[in-house]
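A structural walkthrough
The lines below spell out each chain.
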Amino acid sequence: DRSEAMRRVFSAVGEVASEDARLVRAAQEGDRQAFARLFEKYHGPAYQIAYRLLGRREDALDAVQEGFVKAFAALAAFRGGASFKTWFFRIVTNSSLDMRRARAVRLAVSLDGERPPQVPDGKLAGGPGEALERQELKRRIDAALAAIPEANRTAFVLFAIQGISYREIAEILNISIGTVMSRIFYARQKLQRILS
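All values reported here derive from a predicted model rather than from experimental measurement.

Let's shift gears to the nonpolar core. Counting 44 residues, the largest nonpolar core has L75, F84, F88, F89 and I169 as the members making the most contacts within it. Mapped by element, the contributors of at least two residues to this core are α1 (2-28), α2 (32-54), α3 (57-74), α4 (84-109), α5 (128-146), α6 (150-161), α7 (166-173) and α8 (177-195). Here the element with the most residues in this core is α2; it accounts for eleven residues. Filtering out sequence-adjacent residues up to four positions away, F88 remains in contact with Y42, A46, G67, F68 and A71.

Following this line, the structure appears as structure tokens:
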């Protein structure tokens, strides 16, 4: 029954939020294990956000590390107005965008060419032909994402790749839900045009 399924989903979301709140309180009181648990819980999704925004494994890892350093430094001031996840993803998103802007400035100054980014993906299922097709598809998607304006790309990555709600994206980016929806809409349109 649908209402029972919705109740279970809301219950699970509530459990995650209360676990995060307990971990944040413990970390604020100096429990490094609690902060390590938050790191373990969110470093994967944070990396995916940073990678999709930056396109390079090394830059994404740097952005996540910088995000955790900033979060650790600011944790005492965190009051829980938003969930820890939303607060932290905002920090990682801003770190990624700052890094992207700094890289653009460096590239404008330097004429050194750089090889296209390689997607870190470990072992792929299937035969060599399927692996090549997946790599080609990832390359095309990453190139298409890079062609989308930064504001739209950021909202799209948070929504489509990380599954973050419109409300949380609005909090992360400090914009209205309507703006989130329009940015995602325009990003989808542009992606469809590029990939078709």
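Next comes the rest of the account.
Attention shifts here to the environment of A21. Topologically, A21 is positioned in helix α1. Remark: the alpha-carbon pair of A21 and S83, spanning 62 residues in sequence, is separated by 8.0 Å.

On inspection of all chains with the given rule, the structure shows 14 aromatic pairs. When the ring of F68 is compared with that of F88, the centres are 4.1 Å apart and the planes differ by 40 degrees; the resulting orientation is tilted. Remark: F88 occurs in helix α4 and F68 occurs in helix α3; sequence separation between them is 20 residues. Like F68, the residue F88 is buried in the burial classification. Considering the side-chain rings of F78 and W87, the 4.7 Å spacing of their centres and the 45 degrees angle between planes classify their relative orientation as tilted. The class for F78 is buried, based on a relative accessible area of 10%. Through a chain of ring-to-ring contacts, the aromatic side chains of F35, F39, Y42, F68, F72, F78, F84, W87, F88 and F89 assemble into a single cluster.

Along the chain, the position of R153 falls in helix α6. Here R153 occupies a buried position and makes no salt bridge, while the nearest side chain of opposite charge, E150, is found at 4.3 Å. When neighbours within four sequence positions are excluded, R153 is seen to be in contact with R52, L53, R100, L145, A146 and I148.

With that out of the way, let us pick up the side chain of T93. For T93, the position within the fold is in helix α4. Residue classification places T93 among the buried residues on the basis of a relative accessible area of 0%. Contacts of T93, omitting those with residues within four sequence positions, involve I49, L53, T154, L158, I172 and L173.

What follows is about the packing of α2 against α6. At a closest axis distance of 10 Å, the pairing of α2 and α6 adopts a crossing angle of 140 degrees. When the axis of α2 is compared with that of α6, the two are oblique. Between α2 and α6 lies a crossing whose hand is right-handed. Counting all contacts with α2, which are made through I49, R52 and L53, the residues of α6 involved are R153, T154, V157, L158 and I161. Among the residues making up the contact of α2 with α6, the classes are represented as five nonpolar, one polar and two charged.

Below, the discussion takes up α8. Along its 19 residues, α8 runs 27 Å from first to last C-alpha, staying within 8% of the 27 Å computed at 1.5 Å per residue. Buried residues of α8: V180, I184, A187 and L191, and no others. Down the axis, α8 shows its buried residues gathered within 65 degrees of arc, on one side only. Within α8, the exposed residues directed more than 90 degrees away from the buried face are Q192 and R193.

Attention shifts here to the packing of α6 against α8. Across the interface, α6 lies against α8 with an axial gap of 8 Å and an inter-helix angle of 95 degrees. Considered as vectors, α6 and α8 are oriented roughly perpendicular to each other. Along its contact with α6, which presents A151, N152, A155, F156 and F159, the element α8 presents V180, R183, I184, Y186, A187, R188 and L191. The residue inventory of the contact of α6 with α8, partitioned by class, reads nine nonpolar, one polar and two charged.

The rules we used
- Residues numbered from 1 in each chain as written.
- Predicted model: local features only at pLDDT ≥ 70, side-chain atom pairs only at ≥ 80, totals over all residues.
- Heavy atoms only, no water.
- Core = buried A, V, L, I, M, F, W, Y, C linked by side-chain atoms within 4.5 Å.
- Buried < 20%, exposed > 50% of the residue type's maximum accessible area, 1.4 Å probe, protein only.
- Helix = DSSP H or I, 4+ residues; strand = E, 2+ residues; numbered from the N terminus.
- Contact = heavy atoms within 4.5 Å.
- Phe/Tyr/Trp six-rings, centres within 6.5 Å; stacked < 30°, edge-to-face > 60°.
- Lys, Arg positive; Asp, Glu negative; His and termini not counted.
- Salt bridge = Lys/Arg side-chain N within 4 Å of Asp/Glu carboxyl O.
- Axes fitted to C-alpha atoms, helices over the stretch in contact; angles between N-to-C directions.
- Parallel < 35°, antiparallel > 145°, perpendicular 65-115°, else oblique.
- Left-handed = near helix turned anticlockwise from the far one by under 90°.
- Nonpolar A, V, L, I, M, F, W, Y, C, P; charged D, E, K, R; others polar.
- Expected span 1.5 Å × (residues − 1).
- Arc of directions from axis to C-beta.

Geometric values such as these leave the question of function open.
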